[in-house]
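Letter by letter, the chains look like this.
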Amino acid sequence: MAIPHKSRTAKGQPPALKIIEPDEGQSTGERLPAILGGTPAFEEPLHVGRPNVGDRERLMQRIDAMLDARWFSNGGPLVQEFEQRIAKKLGVKHCLATCNGTTALMLAIRGLDMKGEVIVPSFTFVATAHALQWQQTRPVFCDIDPVTHNLDPADVERRITSETTGIIGVHLWGRPCDTTALEDIARRHQLRLLFDASHAFGCSSGGRKIGSFGDAEVFSFHATKFLNTFEGGAVVTNNDEVAAKLRLMRNFGFTGYDTVEYLGMNAKMTEVCAAMGLTGLESIDQFIAVNRRNHAGYCTQLAGLPGLKVLPFDKAERSNFQYVILEIDPDDCPLNRDELLRVLHADQILARRYFFPGCHRMEPYRTLSPGCSLPHTETISERVLALPTGTAVDHHAIEVVASVIRAALRAAGPIRHTLAL
Ligand code: T4K
């Protein structure tokens, strides 16, 4: 008989994880993967990217005060406090909070005059490319280093043309780009350098906090990020001129009640979003500790399995551990990535194929850049799975996810047969 795992129901706790233990009839305690007819390991879907909440009472107090003050948007006190806290935490002069990370990228790209062609990885969330293409700046896709999953500086340099105005590096999974090499290339070729640091709040490169590299860096505080503002983002920069320009552009270009000096848009963060961000900032060390513990748990539980590797974080750097990335080598693992994904989904473990198939193989880029071939991007994007983590995932859930994976590898033959039917 299947036994549901005890659920947590206390107010302020993450939603209960209802785990189904292996059937009592199975003497070894081994699971039968659901894809082969076993009971799914989780009664409810186990998601990647379940939001962190932080101190709910503190959040409600802030929201109450905001409602009393009748100030909901347009640079209110909570947004100002959020910006100051972030700038101080990262050691940067300016932080401009925005309504989401994509808009922050669009503002930064425009504010830095990145026109013509901009070199960008294809192995990233599609927003990085869309933020360029949306304003008719052409993303020139560049390959990655297959070990770091980040821009390969040598390939960046090969793709520079007379049309190139800038480079966007993405600190994928929170692991820093080769900031030194990219800053060197940008300086020698007089290019703008922007970092999409959507995954990298609280991380470092060469011991220096992410946020002050290049001309500017951009964060996402989307609900799925370990520090979230429901929806939100920010541009951070040490450049006074750029910051002043972006500040105006974020608010329609207004310099006074009736004066507009720039083409602008509405990219403002709301007060309620800042309330969430401020509350999250107060719990950030705890979120990172949980992510770190989860990452270590997966590393231990999955160690020694053939063809599987949990991507490590550099111990010499600060990391937020918000993504647990499993790399599956189809030459050594009895199941390939897509087969494993189907096994996990059948067991209600909603692992994600971030960032398959790579932007260059999505529209409109597939049509705009026909024949674009990025061998490392294509290989890695077919090998990677993001596993559930964050405060909604506990140690026992990780043991169960790992037990499903182990059971799947043992039953690879029948699983392949079932999937082929
Ligand atoms: N650059 C990079 C490198 C990025 O990764 C992103 C965003 C951006 C730029 C753009 O930043 P934003 O404009 O988004 O601020 C999700 C997020 O929507 C996206 O923010 C994030 N990257 C990307 C990596 O992941 P999807 O398409 O996977 O979202 P979705 O709806 O499938 O949700 C992911 C999982 O999270 C699901 O399993 C459900 C769970 N979830 C989601 C939400 C919104 C929850 O449990 N609760 C929730 O409230 O893109």
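Quick caveat, the model's predicted, so the values are computed rather than measured. (Residues numbered from 1 in each chain as written. Predicted model: local features only at pLDDT ≥ 70, side-chain atom pairs only at ≥ 80, totals over all residues. Heavy atoms only, no water.)

K.L.:
I would appreciate a short explanation of the pattern of salt bridges in the present structure.
P.N.:
It is possible for side chains bearing opposite charge to pair when their charged atoms get close. A full pass over the atoms with the stated rule returns 21 salt bridges. A salt bridge links Asp 184 to Arg 188; the shortest N-O distance between them is 3.1 Å. Here Asp 184 and its partner Arg 188 are both found in helix α6 (residues 179–189), four residues apart, which amounts to about one turn of the helix. Residue classification places Asp 184 among the partly exposed positions, given a relative accessible area of 26%. What you see here is one network of salt bridges that share partners, running through Arg 58, Arg 62, Glu 81, Arg 85 and Glu 282. (Salt bridge = Lys/Arg side-chain N within 4 Å of Asp/Glu carboxyl O. Helix = DSSP H or I, 4+ residues; strand = E, 2+ residues; numbered from the N terminus. Buried < 20%, exposed > 50% of the residue type's maximum accessible area, 1.4 Å probe, protein only.)

K.L.:
Is there a simple way to explain the site of the ligand in this structure?
P.N.:
Taken together, 26 residues form the shell around the ligand, and within it Arg 50, Thr 102, Asp 196, His 199 and Tyr 354 come nearest. In the model, an oxygen atom of the ligand is placed 2.7 Å from a nitrogen or oxygen of the Ser 220 side chain. Contact with the protein chains covers 77% of the free accessible surface of the ligand, which is 930 Å². Listed by contribution, the elements that provide at least two residues to the shell around the ligand are α3 (101–111) and α4 (127–133). In terms of residue class, the shell around the ligand is built from nine nonpolar, 13 polar and four charged. (Near = heavy atom within 4 Å. Polar contact = N/O pair within 3.5 Å; in protein donor to acceptor, adjacent residues only side chain to side chain. Areas by Shrake-Rupley, 256 points an atom, 1.4 Å probe, with all protein chains shown as cover. Nonpolar A, V, L, I, M, F, W, Y, C, P; charged D, E, K, R; others polar.)

K.L.:
It is not clear to me how unusual backbone geometry should be interpreted in this structure. Could you clarify?
P.N.:
Working note: non-glycine residues mostly have negative phi, and peptide bonds are mostly trans. Here the amide bond leading from Tyr 354 into Phe 355 is cis, since omega sits at -10°, within 30 degrees of zero. With respect to the helices and strands, Phe 355 occurs in the loop between β13 (349–350) and α11 (365–368). At the junction of Glu 363 and Pro 364, the peptide bond is cis and its omega measures out at 5° in the coordinates. As for its position among the elements, Pro 364 is in the loop between β13 and α11. At Gln 136, a residue that is not glycine, the phi angle is positive and equals roughly 60°. Mapped onto the elements of the fold, Gln 136 is located in the loop between α4 and β4 (138–142). Here Gln 136 falls in the exposed class, since its relative accessible area comes to 65%. Residues other than glycine seldom take positive phi values, yet Trp 173 does so here, at roughly 65°. Topologically, Trp 173 is positioned in the loop between β5 (164–170) and α6. By relative accessible area, Trp 173 is classed as buried at 0%.

K.L.:
What is the right way to look at the side chain of His 199 in this model?
P.N.:
Considering the arrangement of structural elements, one finds His 199 in the loop between β6 (192–196) and β7 (204–205). Taking relative accessible area as the criterion, His 199 reaches 5% and is therefore assigned buried. Within the structure, the side chain of His 199 is placed 3.0 Å from the backbone nitrogen of Trp 173, a separation counted as a polar contact.

K.L.:
Looking at this structure, I do not really get the packing of helix α1 (residues 56–69) against helix α8 (residues 271–282). What am I missing?
P.N.:
Helix packing for two helices is described by the angle between their axes and how far apart those axes are. Where α1 contacts α8, the axes come no closer than 9 Å and their chain directions differ by 150°. Looking at the two axes, α1 sits roughly antiparallel to α8. By crossing handedness, the relation of α1 to α8 is classed as right-handed. Judged by residue contacts, Arg 58, Leu 59, Arg 62, Ile 63 and Met 66 of α1 engage Glu 271, Val 272, Ala 275, Met 276, Leu 278, Thr 279 and Glu 282 from α8. (Axes fitted to C-alpha atoms, helices over the stretch in contact; angles between N-to-C directions. Parallel < 35°, antiparallel > 145°, perpendicular 65-115°, else oblique. Left-handed = near helix turned anticlockwise from the far one by under 90°. Contact = heavy atoms within 4.5 Å.)

K.L.:
Any chance you could explain the packing of aromatic side chains here in plain terms?
P.N.:
In this description, an aromatic ring pair is defined by two values, namely the gap between the centres and the angle between the planes. Scanning the entire structure with this criterion turns up 14 aromatic pairs. Note on Phe 201 and Phe 221: the rings are 5.7 Å apart at their centroids and 80° apart in plane angle, and the pair reads as edge-to-face. Separated by 20 residues along the polypeptide, Phe 201 in the loop between β6 and β7 and Phe 221 in the loop between β9 (216–220) and β10 (233–237) bring together distant segments of the chain. Of the two residues examined, Phe 201 and Phe 221, each falls in the buried class. Here the aromatic cluster, defined as three or more aromatic residues joined through ring pairs, consists of Phe 123, Phe 125, Trp 173, Tyr 323, Tyr 354 and Phe 355. Taking the ring centre of Phe 213 as reference, the NZ or CZ of Arg 208 above it sits at 3.9 Å. Note that Arg 337 overlies the ring of Phe 356, its terminal NZ or CZ placed 5.0 Å from the centroid. (Phe/Tyr/Trp six-rings, centres within 6.5 Å; stacked < 30°, edge-to-face > 60°. Lys NZ or Arg CZ within 6 Å of the ring centre and 35° of its normal.)

K.L.:
Even after reading the chapter, I still don't get the environment of Asn 266, so can you show me in this structure?
P.N.:
Inspection of the secondary structure assignment puts Asn 266 in the loop between α7 (240–250) and α8. Taking the relative accessible area as the measure of exposure, Asn 266 reaches 43% and is therefore partly exposed. A C-alpha to C-alpha distance of 14 Å links Asn 266 and Ala 108, two positions 158 residues apart in sequence. When sequence neighbours within four positions are dropped, the list of residues in contact with Asn 266 reads Cys 99, Arg 250 and Phe 252. At a separation of 3.0 Å, a polar atom in the side chain of Asn 266 contacts the side chain of Lys 268.

K.L.:
Would you mind showing me how to read the environment of His 130 here?
P.N.:
Tracing the backbone shows His 130 in helix α4. Taking C-alpha positions, His 130 is 9.2 Å from Cys 359, a pair spaced 229 residues apart along the chain. Setting aside chain neighbours within four positions, we find His 130 in contact with Glu 363, Pro 364 and Tyr 365.

K.L.:
Help me understand helix α9 (residues 284–302), please; the structure alone is not making it clear to me.
P.N.:
In an α-helix there are 3.6 residues to a turn, and that puts residues three or four apart on one side. An ideal rise of 1.5 Å per residue puts 27 Å on 19 residues; α9 measures up with 27 Å between its terminal C-alpha atoms. Residues of α9 that are buried: Ile 284, Phe 287, Ile 288, Val 290, Asn 291, Asn 294, His 295, Gly 297, Tyr 298, Gln 301 and Leu 302. On the buried face of α9, the contacting elements are α2 (77–90), α8, β11 (308–310), β12 (324–328), β14 (384–387) and α13 (395–410). With its phi angle positive at about 85°, Gly 304 sits one or two positions after the end of α9. (Expected span 1.5 Å × (residues − 1).)

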